[in-house]
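Summary of the model geometry
Spelled out, the chains give:
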Amino acid sequence: MTGPQRRSQLIGVGRGLFALRGLDGTTIEEIAAAAGVSKPVIYEHFGSKEGLYTQVVEFEFRILLGSINDALSEEAKPRVMVERAALALLSYIEDRAEGFRILMRDAPPAQPEGAFSTLLSHVTARVEYILADEFARRGFTSADGAMYAQMLVGMVAMTGQWWQDSRTPDKREVAAHLVNLAWNGLTGLQKDPELRSDD
């Protein structure tokens, strides 16, 4: 294998083991055995088990943040943007369950505040910016908008954590219900919500 191929292989092996056992529950020996290499090969590429873990977290972080940024980058009405962001998170969970488990579990040594909380801060800032006009039109201050953006992103994130294990109902139905609650509130809930972005 070339150097980049070996790094990629080790990141994949590490992701699977870290998702299963966490950082502390995984040994460098297990990673080396699963990858079919000696321990010095891992040290050569990453310096330590923690170095490999940090690379796995950063790799998954970039994928998820990129997916959500893509969902929020196209022009659309605010409600559709919320739908797209919810679907982006649920799609990431569906496609990269191991990565999501890692992002939710342990903070890498270089990021003590936690990868997922850092990601949520980035997303919250984007959502706040996107919804600023909508909040202003309804008479909310920018401070109110910041608070509501936190609530909205937190609601989507917590639902994503729950859906990771249940996987039912289907992600589009979950996204429709999320947006139904976020957009209509408890008093305006629709019995059979649908995503507007399907139109």
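Residues numbered from 1 in each chain as written. Predicted model: local features only at pLDDT ≥ 70, side-chain atom pairs only at ≥ 80, totals over all residues. Heavy atoms only, no water.

**Remarks on the overall build of the protein chain**
A count of helical and extended segments in the protein chain gives 9 helices and 0 strands. Starting at the N terminus and walking to the C terminus, you meet the elements of the protein chain as α-α-α-α-α-α-α-α-α. Overall, the C-alpha framework of the protein chain stretches about 60 × 35 × 30 Å when taken along its three principal axes. Look at the contacts in the protein chain between residues 6 or more apart in sequence, and 65% of them connect residues 24 or more apart. Split by element, the accessible area of the protein chain, about 10,400 Å² in all, is 53% carbon and sulfur. When the 21 basic and 27 acidic side-chain charges of the protein chain are each reduced to a single mean position, those positions are 2 Å apart. (Helix = DSSP H or I, 4+ residues; strand = E, 2+ residues; numbered from the N terminus. Contact = heavy atoms within 4.5 Å. Areas by Shrake-Rupley, 256 points an atom, 1.4 Å probe, with all protein chains shown as cover. Lys, Arg positive; Asp, Glu negative; His and termini not counted. Charge placed at Lys NZ, Arg CZ, Asp CG, Glu CD.)

**What to know about the environment of Tyr-148**
Considering the arrangement of structural elements, one finds Tyr-148 in helix 8 (residues 142–166). Residue classification places Tyr-148 among the partly exposed residues on the basis of a relative accessible area of 34%. Separated by 121 residues in the primary sequence, Tyr-148 and Thr-27 have C-alpha atoms spaced 42 Å apart. With residues near it in sequence (within four places) discarded, Tyr-148 still touches Phe-135 and Phe-140. (Buried < 20%, exposed > 50% of the residue type's maximum accessible area, 1.4 Å probe, protein only.)

**Details of a nonpolar patch on the surface**
The grouping of Phe-140, Met-147, Tyr-148 and Met-151 at the surface amounts to a nonpolar patch, some 360 Å² of accessible area in total. Take Phe-140: it is sitting in the loop between helix 7 (115–137) and helix 8. Owing to a relative accessible area of 32%, Phe-140 belongs among the partly exposed residues under this scheme. (Patch = residues over 30% accessible without salt bridge, like charges linked within 9 Å, V, L, I, M, F, W, Y side chains within 5 Å. Salt bridge = Lys/Arg side-chain N within 4 Å of Asp/Glu carboxyl O.)

**Some thoughts on the pattern of salt bridges**
Two side chains bearing opposite charge may form a pair once their charged atoms approach each other closely. In total, this model carries 7 salt bridges according to the counting rule given. Arg-15 serves as the salt-bridge partner of Glu-60, at 3.0 Å between the closest nitrogen and oxygen. Taken together, the positions of Glu-60 in helix 4 (residues 49–73) and Arg-15 in helix 1 (residues 3–25) put the pair 45 residues apart, joining distant regions of the chain. With a relative accessible area of 0%, Glu-60 lands in the buried category. Between Glu-83 and Arg-79 there is a salt bridge, with the nearest N and O atoms lying 3.4 Å from each other.

**Observations concerning the packing of helix 2 (residues 28–35) against helix 3 (residues 39–46)**
Where helix 2 contacts helix 3, the two axes come as close as 8 Å, and the packing angle between them is 100°. When the axis of helix 2 is compared with that of helix 3, the two are roughly perpendicular. Together, Ile-28, Glu-29, Ile-31 and Ala-32 of helix 2 and Lys-39, Ile-42 and Tyr-43 of helix 3 make up the contact between the two elements. Considered class by class, the residues forming the contact of helix 2 with helix 3 number 5 nonpolar, no polar and 2 charged. (Axes fitted to C-alpha atoms, helices over the stretch in contact; angles between N-to-C directions. Parallel < 35°, antiparallel > 145°, perpendicular 65-115°, else oblique. Nonpolar A, V, L, I, M, F, W, Y, C, P; charged D, E, K, R; others polar.)

**Focus: helix 2**
Buried within helix 2 are the following residues: Ile-28, Ile-31, Ala-32 and Ala-35. An end-on view of helix 2 places all buried positions within 95° of arc, on one side of the element. Residues of helix 2 that are exposed and point more than 90 degrees away from the buried face comprise Ala-33 and Ala-34. If you follow the buried residues of helix 2, they end up packed against helix 1, helix 3 and helix 4. Backbone geometry just downstream of helix 2 places Gly-36 in the positive-phi region, at approximately 70°. (Arc of directions from axis to C-beta.)

**Quick notes on the nonpolar core**
In terms of nonpolar packing, the biggest core is built from 56 residues, with Phe-18, Ile-42, Leu-64 and Val-127 touching the most fellow members. Other than its neighbours up to four places away in sequence, Phe-18 contacts Leu-23, Thr-26, Ile-31, Lys-49, Leu-52, Tyr-53, Val-56, Ile-102 and Arg-105. (Core = buried A, V, L, I, M, F, W, Y, C linked by side-chain atoms within 4.5 Å.)

**Here's the deal with the side chain of His-45**
Looking at where His-45 falls in the secondary structure, it is placed in helix 3. Judged by its relative accessible area of 18%, His-45 falls in the buried class. Once you skip the residues sitting within four places of it in the chain, His-45 turns out to touch Gly-3, Arg-6, Arg-7 and Leu-10.

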